[in-house]
Amino acid sequence: RLRRLTNVEGIEVEEAVLEEIARKSEGSQRDAESLLAQVLALGEKKITMEVASLVLPISPYEEIVEFFEFLSRRDAAGAFARMDALVEEGTDLDHFTQDTIRYARELLLARLGGRTDGLGDLPESVRERSVALAQALEPQDTIHLIDLLQEAASARMTIPQLPLEMAIVKFCTGSNTNSDTSSQDRGNSGSGGAIGDEIPNRRLSEFVPDRKLSPEA
């Protein structure tokens, strides 16, 4: 349908752009056509991913996959470094976080049901790595990660990257990965279950390098 519309308009649109529009519209034909109209309104005769990114927030898949590879290894320092690079490149962290949630969902579906059509829509350069990630991450870990990313996506702080940083630390330190264990530990300790009790008693510096946080301009 999208390809037919571009042919009618006489505008060449890269297949990757149409795939990204379809992915972001999440099955809604109306949303897909609305996004396509915004892209075509740029007035270019050939729409590449670079051109489309002017109106269509696009997170680079290479960075998303690398980000998840760090998380799968519980490498918080690597995940922080990747996120910092995105900030320096001017990536919209809100859209990046939303894209990571969608990506985590595809990993979960691929792991649980062997459904790989969502991963199959990814660029070939990251497809095999994504299949490997789906196998490397246990379903309960991916569900936990989705919860943390959704929490980060809904948070609003003066330091834009802080919600995502908190999600990285919580996931890589293993906090709240098992609610039953957490409840049992709180019961044994006799505490009221403060948030701090849910984080393992390990120095944060083991996971997070010294960093400088810049407030939002």
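Residues numbered from 1 in each chain as written. Predicted model: local features only at pLDDT ≥ 70, side-chain atom pairs only at ≥ 80, totals over all residues. Heavy atoms only, no water.

### Regarding the nonpolar core
Inference 1: In this structure, Phe67, Phe68, Leu71, Tyr103, Leu107, Leu119 and Ile168 are the most contacted members of the largest nonpolar core, which totals 38 residues.
Inference 2: Of all elements in the fold, only α5 (61-72), α6 (76-88), α7 (93-113), α9 (124-136), α10 (139-154) and α11 (162-173) reach the threshold of two or more residues within this core.
Inference 3: Here this core takes eight residues from α7, the largest share from any one element.
Inference 4: Apart from residues no more than four positions distant in its own chain, Ile168 is found in contact with Phe67, Leu71, Ala76, Ala79, Phe80 and Met83. (Core = buried A, V, L, I, M, F, W, Y, C linked by side-chain atoms within 4.5 Å. Buried < 20%, exposed > 50% of the residue type's maximum accessible area, 1.4 Å probe, protein only. Helix = DSSP H or I, 4+ residues; strand = E, 2+ residues; numbered from the N terminus. Contact = heavy atoms within 4.5 Å.)

### Structural notes on the packing of aromatic side chains
Inference 1: In the structure shown here, the tally under the stated rule is three aromatic pairs.
Inference 2: Centroid distance Phe67 to Phe68: 6.2 Å. Interplanar angle 75 degrees. Geometry classified as edge-to-face.
Inference 3: Exposure remark for Phe68: the relative accessible area of 0% places this residue in the buried category.
Inference 4: Measuring from ring centre to ring centre gives 4.9 Å for Phe68 and Tyr103, while their planes differ by 75 degrees; the resulting arrangement is edge-to-face. Of this pair, Phe68 sits in helix α5 while Tyr103 sits in helix α7, placing them 35 residues apart in sequence. For the pair shown, Phe68 and Tyr103 are each scored as buried.
Inference 5: Cluster of aromatic residues (ring-pair linked, three or more members): Phe67, Phe68, Phe96 and Tyr103. (Phe/Tyr/Trp six-rings, centres within 6.5 Å; stacked < 30°, edge-to-face > 60°.)

### Some points on α5
Inference 1: Its twelve residues give α5 an end-to-end C-alpha distance of 16 Å, which sits within 8% of 16 Å, the value for a rise of 1.5 Å per residue.
Inference 2: Burial runs high along α5: nine of the twelve residues are buried.
Inference 3: Here α5 has its buried residues at Tyr61, Glu63, Ile64, Val65, Phe67, Phe68, Glu69, Phe70 and Leu71.
Inference 4: Summarising the contacts, the buried residues of α5 are in contact with α2 (15-25), α6, α7, α9, α10 and α11. (Expected span 1.5 Å × (residues − 1).)

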